Amino acid sequence: MAIKILIADDHALLRQGIKRVLNFEDDLEVIGEAEDGQETLARTLMLQPDILLLDLNMPGLSGLEVARQLKQADCPTRIIALTIHDSDNYVLELLKNGALGYLLKDVEPSVLIKAIHVVNEGNAFVYPKLAERLFGSLSLSDDVESRAREMLNESRGERLTAREMDVLECIAKGFSNQDIGKALGLSEKTVKNHLTSIFHKLKVNDRTQALVYVLKNKIISLD
């Protein structure tokens, strides 16, 4: 079944360009467009697309306000912000308000398509180069245990293990449980157990909240 997509942007030319790119994919279907915030909110609630490609600067409601209202309405549509803004505040606010993806408008078509598939599976996707530029990264030579120590929360007395840090990095890169298992040589059951432990230690409920945490604290290295 094709992934149903709504494109929200106030520039008709950009909407048409994105639509042309997506129409080349057999498993993607653009079911609608919107050119302002109010229309985006109304059409998303009416059409219930799987994915909303959401610009942040639109007439009427901003993209952030659209995301907030969709979250309040418990809308199942998954949001990917597609914007010119590379501010960490925009990234964190969008993720906190229900978005699962964040891409810049000059992103390569292949990355946009990958993001759509990753987010459609319920995983977060922030373009790695964007995340690295915004939040910085640790040297690849840094010892995993030293990074794990940075996760220590003195109020809890708990820290992530080296393997949990590996799993967390995979989450930040948009990997599914199956992908994490393949990358780290783990069974999916083991991956799930690690995720449960990570969420407990970070006091978060899901992958998106975990991603917000690691980006805000600048502790994940993304390539």
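How each quantity is defined
- Residues numbered from 1 in each chain as written.
- Predicted model: local features only at pLDDT ≥ 70, side-chain atom pairs only at ≥ 80, totals over all residues.
- Heavy atoms only, no water.
- Pairing = 2+ DSSP bridges.
- Helix = DSSP H or I, 4+ residues; strand = E, 2+ residues; numbered from the N terminus.
- Contact = heavy atoms within 4.5 Å.
- Axes fitted to C-alpha atoms, helices over the stretch in contact; angles between N-to-C directions.
- Buried < 20%, exposed > 50% of the residue type's maximum accessible area, 1.4 Å probe, protein only.
- Right-handed = clockwise from strand over helix to strand, strands pointing away.
- Salt bridge = Lys/Arg side-chain N within 4 Å of Asp/Glu carboxyl O.
- Parallel < 35°, antiparallel > 145°, perpendicular 65-115°, else oblique.

A.B. asks: What am I meant to see in the sheet that holds strand 1 (residues 3-8) here?
C.D. replies: Hydrogen bonds along the backbone pair up the strands of a sheet, which may run parallel or antiparallel. A sheet is described by the order of its strands in space; here six strands give the open sequence 2-1-3-4-5-6, paired in parallel fashion. Strands at the two margins of the open sheet, each flanked by one partner only, are strand 2 (28-34) and strand 6 (125-126). For strand 5 (residues 99-104) and strand 6, the ladder comprises two bridges, and the chain directions are parallel. Residue pairing in the sheet places Tyr-102 in a bridge with Val-126 of strand 6. Along the sheet, helix 1 (residues 12-23) makes contact with strand 1, strand 2, strand 3 (51-54) and strand 4 (78-83), crossing strand 2 at roughly 165 degrees. Running at roughly 155 degrees to strand 3, helix 3 (residues 63-72) makes contact with strand 3 and strand 4 of the sheet.

A.B. asks: I would appreciate a short explanation of the pairing of strand 3 in the present structure.
C.D. replies: Successive residues of a regular strand alternate their side chains across the two faces of the sheet. Alternating positions in strand 3 separate into two faces, Ile-51 and Leu-53 on one and Leu-52 and Leu-54 on the other, with burial throughout. Where strand 1 and strand 3 come together, four bridges link them in parallel fashion. Bridge pairing in strand 3 links Ala-8 to Leu-54. In terms of strand pairing, strand 3 meets strand 4 through four bridges, oriented parallel. Directly across from Ile-51, in strand 4, lies its bridge partner Arg-78. With helix 3 bridging strand 3 and its parallel neighbour strand 4, the resulting β-α-β unit is right-handed.

A.B. asks: What is the right way to look at the pattern of salt bridges in this model?
C.D. replies: Side chains that differ in charge, positive against negative, can pair when their charged atoms come close. If you walk through the whole model with that rule in mind, you get eight salt bridges. Measuring nitrogen to oxygen at the nearest pair gives 4.0 Å for the salt bridge that ties Arg-15 to Glu-35. Separated by 20 residues along the polypeptide, Arg-15 in helix 1 and Glu-35 in the loop between strand 2 and helix 2 (37-47) bring together distant segments of the chain. Sharing partners across several salt bridges, the network here consists of Arg-15, Lys-19, Glu-33 and Glu-35.

A.B. asks: Please clarify how the packing of helix 1 against helix 5 (residues 109-120) should be interpreted in this entry.
C.D. replies: For any two helices packed against each other, one specifies the crossing angle of their axes together with the interaxial distance. Running from N to C, helix 1 and helix 5 point in directions that differ by 70 degrees, and their axes come no closer than 11 Å. Of the possible angle classes, the one that applies to helix 1 and helix 5 is roughly perpendicular. Contacts from Ile-18, Val-21 and Leu-22 in helix 1 reach Pro-109, Leu-112, Ile-113 and Ile-116 in helix 5.

A.B. asks: Teacher, can you tell me more about the environment of Gly-101 here?
C.D. replies: With respect to the secondary-structure elements, Gly-101 resides in strand 5. With a relative accessible area of 1%, Gly-101 lands in the buried category. With 22 residues separating them along the chain, Gly-101 and Ile-79 place their C-alpha atoms 6.4 Å apart. Apart from residues no more than four positions distant in its own chain, Gly-101 is found in contact with Ile-79, Ile-80, Ala-81, Val-119 and Phe-125.

A.B. asks: It is not clear to me how unusual backbone geometry should be interpreted in this structure. Could you clarify?
C.D. replies: Excluding glycine, a negative phi dihedral is what most residues carry, and trans is how most peptide bonds are arranged. The phi dihedral of Gln-48 is positive, around 50 degrees, even though this residue is not glycine. Residue Gln-48 is classed as partly exposed on the basis of its relative accessible area of 37%. Located in the positive-phi region is Lys-203, a residue other than glycine, with phi close to 55 degrees. Counting through the fold element by element, Lys-203 comes out in the loop between helix 10 (188-202) and helix 11 (207-216).

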